[in-house]
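The chain contents come next:
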Amino acid sequence: MGHMNDEEVDTKEIDAVSVSSSKRHGDNLPYVHKVGLPSQQNLVKEFKTTVKETFFADDPLRHFKDKSKSRKFMLGIQAVFPILDWGRDYTLAKFKGDLIAGITIASLCIPQDIGYAKLANLPPQYGLYSSFVPPLIYAFMGSSRDIAIGPVAVVSLLLGTLLQSEIDPIKQPEEYLRLAFTATFFAGVTQATLGVLRLGFLIDFLSHAAIVGFMGGAAITIMLQQLKGFLGIKTFTKKSDIVSVLRSVFESAHHGWNWQTILIGASFLAFLLFAKYIGKKHKKLFWVSAIAPLISVILSTFFVYITRADKKGVQIVKHIDKGINPSSINQIYFHGDYLVKGVRIGVVAGMIALTEATAIGRTFAGMKDYQIDGNKEMVALGAMNVVGSMTSCYVATGSFSRSAVNFMAGCNTAVSNIVMSCIVLLTLELITPLFKYTPNAILSSIIISAVIGLIDYDAAILIWKIDKFDFVACMGAFIGVVFSSVEIGLLIAVSISFAKILLQVTRPRTAVLGNLPRTTVYRNIEQYPEANEVPSLLIVRVDSAIYFSNSNYVKDRILRWLADHEEKHKAKDFQGIEFLIVEMSPVTDIDTSGIHALEDLYKSLQKRNIQLALANPGPAVICKLHASNFVDMIGNDKIFLTVADAVQTCKPKMHIEV
């Protein structure tokens, strides 16, 4: 900061200068920069800037600038239907990759869809319906090239659990189905609304750690639910917690298990896990794990048919309705008692589906280095579920297992979803009668092998290493799902995520700073033990905005630092604290309560004959400090650009090493 040559003497003694003196910027001291005061914005402009940064940070209308009306119209259509943009450059070479990928994911989705429909307590054809219409809608409106659309295990389980708590699917199948369509409709409305209003940041409140725990717990619950079909149990508990399920399993051990069913399930589960291992071990053989479920269905169905194992207690699918999706728009509840229940279930299912699809889309977009518009994705997902609810579909979203297969199969665009949808259409029209003798055990095996990947041990271990509170959130969600229910686990996950946010907001970190030897840099003395505290000065940094929720804590914590510092040096030749310097670089904003807290801090320090100085307040903060007259209270000469400026000005007599 001075203007000395390297050959000059290493240290320079600065004469004592009164801080309140007008000569503090005289020849004895190096030049000290003043903190700049940004130009004042009018209220309307400030409001517009705040709204833009909150909801339109990506500047979605930048492509429309300086364009003709016809061009703006075309860009608007392309924004709603991205296929009109990338479709112009579509080639036969790209179609070859999409065709192979579409056929591959279709072979995986068909058996999965039948199983997932049972997980949602719906007839098997509804799983196939949900892989026909929604992927077509998404292909035209979605911006992800790799995501594969259809029913997924977690959402199917969640939907089945929530619906079953309202209506018995066996005693009232028609009402149950209508409530499922209603929930799907409002799940789509929720997703589309979040996209249109650009409120996608709301799903980020469910932390990664909570999602890891929730998904792991849901995977355990799903596998436990499959024990009914895997063991051939006819009477099974409707509860999903581990205690109730295991009690039901062991109570039926002597009379409810069927050894032929167990043999079929165990044999093909081993085959599916081996195929998955081969696919992971050798990336080029990914198609082995993708086609294994369909091969399992074909072989097991043929085996049951020729041996007539269904006559020996092996439960089979029996009947799947043939034909494409019938209209269901007249079955959606738009009034009555079930409307509110449908809205509640739909919002929960829609948010979880949105979280999963967003995570998948971002993952694969990052791997291929392209951008997806999160808000457009929400609108696309919402539109496909709204249309799906009117065409006998239940909640569909992005499937991680299918998207991974889609990615590895070499998909280039969303046309792979169209190919998959066409194959599902052919299945509905021609092949569904062939699934009559498919054993339930094979569907259970397929689901078990599919959801095992949702248990992410490595992620849980990494969370433990990085953040113990995150690990508590992870395990809280996991335990809630496994030992209670999916909705309780979800509630715990959301609650812990919010608790973490509140804890960080209300209890921000503070630190005492010291000078790093041979520099003018001041850093946390706990992180840098070699940093030296400056005699008669206490330098404290606040690592957060100062709001009503934490203002009193910040003030009390600074005073506690002061008391601890005095207590620490009491036994030594302690000359006492003369200045408290608050480093405010991390303080991005301050409100009225925060300013009152600084005023109270200033008054408390005055009683102790300690002066207050601030270092590097940001533009928003310095404007508010001037507006509140706090700058006049402590003096404009007590606000500095850097901690080094504050130290060299406030310290009566010190050595500066150059």
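Nothing here was measured: the structure is a model prediction, and the numbers come from that model.

Conventions used here
- Residues numbered from 1 in each chain as written.
- Predicted model: local features only at pLDDT ≥ 70, side-chain atom pairs only at ≥ 80, totals over all residues.
- Heavy atoms only, no water.
- Helix = DSSP H or I, 4+ residues; strand = E, 2+ residues; numbered from the N terminus.
- Buried < 20%, exposed > 50% of the residue type's maximum accessible area, 1.4 Å probe, protein only.
- Contact = heavy atoms within 4.5 Å.
- Areas by Shrake-Rupley, 256 points an atom, 1.4 Å probe, with all protein chains shown as cover.
- Lys, Arg positive; Asp, Glu negative; His and termini not counted.
- Charge placed at Lys NZ, Arg CZ, Asp CG, Glu CD.
- Phe/Tyr/Trp six-rings, centres within 6.5 Å; stacked < 30°, edge-to-face > 60°.
- Lys NZ or Arg CZ within 6 Å of the ring centre and 35° of its normal.
- Pairing = 2+ DSSP bridges.
- Right-handed = clockwise from strand over helix to strand, strands pointing away.
- Axes fitted to C-alpha atoms, helices over the stretch in contact; angles between N-to-C directions.
- Core = buried A, V, L, I, M, F, W, Y, C linked by side-chain atoms within 4.5 Å.
- Salt bridge = Lys/Arg side-chain N within 4 Å of Asp/Glu carboxyl O.
- pLDDT = per-residue confidence, 0-100.
- Parallel < 35°, antiparallel > 145°, perpendicular 65-115°, else oblique.
- Left-handed = near helix turned anticlockwise from the far one by under 90°.
- Nonpolar A, V, L, I, M, F, W, Y, C, P; charged D, E, K, R; others polar.

**Let's talk about the overall build of the chain**
Now for step 1: Per the secondary structure count, the chain includes 26 helices and 10 strands.
Now for step 2: In the chain, which comprises 658 residues, the proportion classed as buried is 51%.
Now for step 3: Considering only contacts within the chain whose residues lie at least 6 apart along the sequence, 80% involve residues at least 24 apart.
Now for step 4: Within the structure as shown, the chain displays about 31900 Å² of accessible surface, and the carbon and sulfur contribution to it stands at 61%.
Now for step 5: The positive charge centre, built from 64 side chains, and the negative charge centre, built from 56, are 9 Å apart in the chain.

**Considerations on the packing of aromatic side chains**
For any pair of aromatic rings, the description consists of the separation of the ring centres together with the inter-plane angle of the planes.
Now for step 1: According to the stated counting rule, one finds 10 aromatic pairs in the structure shown.
Now for step 2: Relative to Phe 186, the ring of Phe 185 lies with its centre 5.1 Å away and its plane at 90°, an arrangement referred to as edge-to-face. For the pair Phe 185 and Phe 186, one class covers both residues: buried.
Now for step 3: Arranged with centres 5.0 Å apart and planes meeting at 75°, the rings of Trp 464 and Phe 471 form a pair that is edge-to-face.
Now for step 4: Here the aromatic residues Tyr 126, Tyr 129 and Phe 181 are joined through ring pairs into a cluster of three or more.
Now for step 5: The positively charged end of Arg 145 is found above the aromatic ring belonging to Tyr 370, 4.1 Å away from the centroid.
Now for step 6: In this structure, Arg 178 is placed above the aromatic ring of Tyr 333, and the distance from its NZ or CZ to the ring centre is 4.1 Å.

**Points about unusual backbone geometry**
Now for step 1: The phi angle at Ser 392 is positive, at roughly 65°, despite the residue not being glycine.
Now for step 2: You can see Ser 392 is positioned in the loop between helix H15 (374-389) and strand E3 (397-399).
Now for step 3: Take Ser 392: its relative accessible area is 2%, and that puts it in the buried class.
Now for step 4: Unusually for a residue other than glycine, Asn 629 sits at a positive phi of about 65°.
Now for step 5: You can see Asn 629 is positioned in the loop between helix H24 (619-627) and helix H25 (630-634).

**So, the pairing of strand E8 (residues 611-615)**
Now for step 1: The element E8 is extensively covered by neighbouring structure, given that four of its five residues are classed as buried.
Now for step 2: Looking at chain direction, strand E7 (residues 579-583) and E8 are connected through five bridges and run parallel. Within E8, the residue paired with Val 582 across the bridge is Leu 614.
Now for step 3: With respect to chirality, the unit in which E7 leads through helix H23 (residues 592-607) into the neighbouring parallel E8 is right-handed.

**A closer look at the sheet that holds strand E4 (residues 510-515)**
Now for step 1: In space, the six strands of this open sheet follow the order E5-E4-E6-E7-E8-E9, with mixed pairing throughout. Two strands close off the open sheet at either side, each with one partner strand: strand E5 (522-524) and strand E9 (639-640).
Now for step 2: As defined by bridge partners, E4 adjoins strand E6 (residues 537-542) across three bridges and the pair is classed as antiparallel. Each residue of the ladder has a partner; that of Ala 511, found in E6, is Arg 541.
Now for step 3: Its contacts with the sheet put helix H22 (residues 551-568) on E4, E6 and E7, and the angle it makes with E6 is roughly 150°.
Now for step 4: Where H23 meets the sheet, its contacts fall on E7 and E8, and the angle it forms with E8 comes to roughly 140°.

**Considering the environment of Lys 239**
Now for step 1: Assignment of secondary structure puts Lys 239 in the loop between helix H10 (227-231) and helix H11 (242-251).
Now for step 2: Sequence separation of Lys 239 and Thr 413 is 174 residues, and the distance between their C-alpha atoms is 41 Å.

**A closer look at the pairing of E6**
Now for step 1: By the criterion of burial, E6 is predominantly enclosed, with six of the six residues buried.
Now for step 2: Neither face of E6 is open: one carries Leu 537, Ile 539 and Arg 541, the other Leu 538, Val 540 and Val 542, and all of them are buried.
Now for step 3: Two strands pair when backbone bridges link them, and E6 and E7 are joined in this way by five bridges, in the parallel orientation. Its bridge partner being in E7, Leu 538 is matched across the sheet by Leu 580.

**Points about the nonpolar core**
The nonpolar side chains of a soluble globular protein tend to be buried, and buried together.
Now for step 1: Ranked by internal contacts, the top residues of the largest apolar core, which has 100 residues, are Leu 122, Leu 159, Phe 214, Ile 222 and Ile 352.
Now for step 2: Dropping the residues within four chain positions of it, Leu 159 is found in contact with Ala 183, Ile 345, Ala 349, Tyr 394 and Val 395.
Now for step 3: Ranked by size, the runner-up nonpolar core spans 32 residues in total, among them Leu 562, Leu 601, Val 631 and Ile 639.

**As for the pattern of salt bridges**
Now for step 1: In the structure shown here, the tally under the stated rule is 12 salt bridges.
Now for step 2: A salt bridge links Glu 166 to Lys 341, with the shortest nitrogen-to-oxygen separation between them at 3.4 Å. A residue pair is termed long-range when its members are at least 10 positions apart, and Glu 166 in the loop between helix H7 (153-164) and helix H8 (173-196) and Lys 341 in helix H14 (residues 337-368) qualify at 175 residues.
Now for step 3: Several salt bridges converge on common partners, so that one network encompasses Glu 166, Lys 341 and Arg 344.

**Here we look at the confidence of the model for the chain**
Now for step 1: Confidence in the prediction of the chain, expressed as mean pLDDT, is 87, and 91% of residues score 70 or more.
Now for step 2: Here residues 1-27 is a poorly scored stretch, pLDDT under 50, and it has 48 contacts once near neighbours within four places are set aside; other chains count.
Now for step 3: Per-residue pLDDT stays below 50 along residues 653-658; that stretch engages in 20 contacts with residues further than four places along the chain or on separate chains.

**Concerning helix H16 (residues 400-408)**
Turn by turn, an α-helix covers 3.6 residues, leaving residues three or four places apart pointing in a common direction.
Now for step 1: Within H16 the residues assigned to the buried category are Arg 402, Ser 403, Ala 404, Val 405 and Asn 406.
Now for step 2: Lining the buried residues of H16 we find helix H4 (92-119), strand E2 (148-150), helix H13 (286-307), H14, E3 and helix H17 (415-431).
Now for step 3: Within two residues after H16, Gly 410 carries a phi angle of roughly 90°, on the positive side.

**Quick word on the packing of helix H6 (residues 133-141) against H17**
Now for step 1: Closest axis-to-axis distance for the H6/H17 pair is 8 Å, and the angle between their directions is 160°. One finds that H6 runs roughly antiparallel with respect to H17. For H6 against H17, the interelement crossing comes out left-handed. Contacts from Pro 135, Leu 136, Tyr 138 and Ala 139 in H6 reach Asn 417, Ile 418, Met 420 and Ser 421 in H17.
Now for step 2: Considering only residue class, the contact of H6 with H17 consists of six nonpolar, two polar and no charged.

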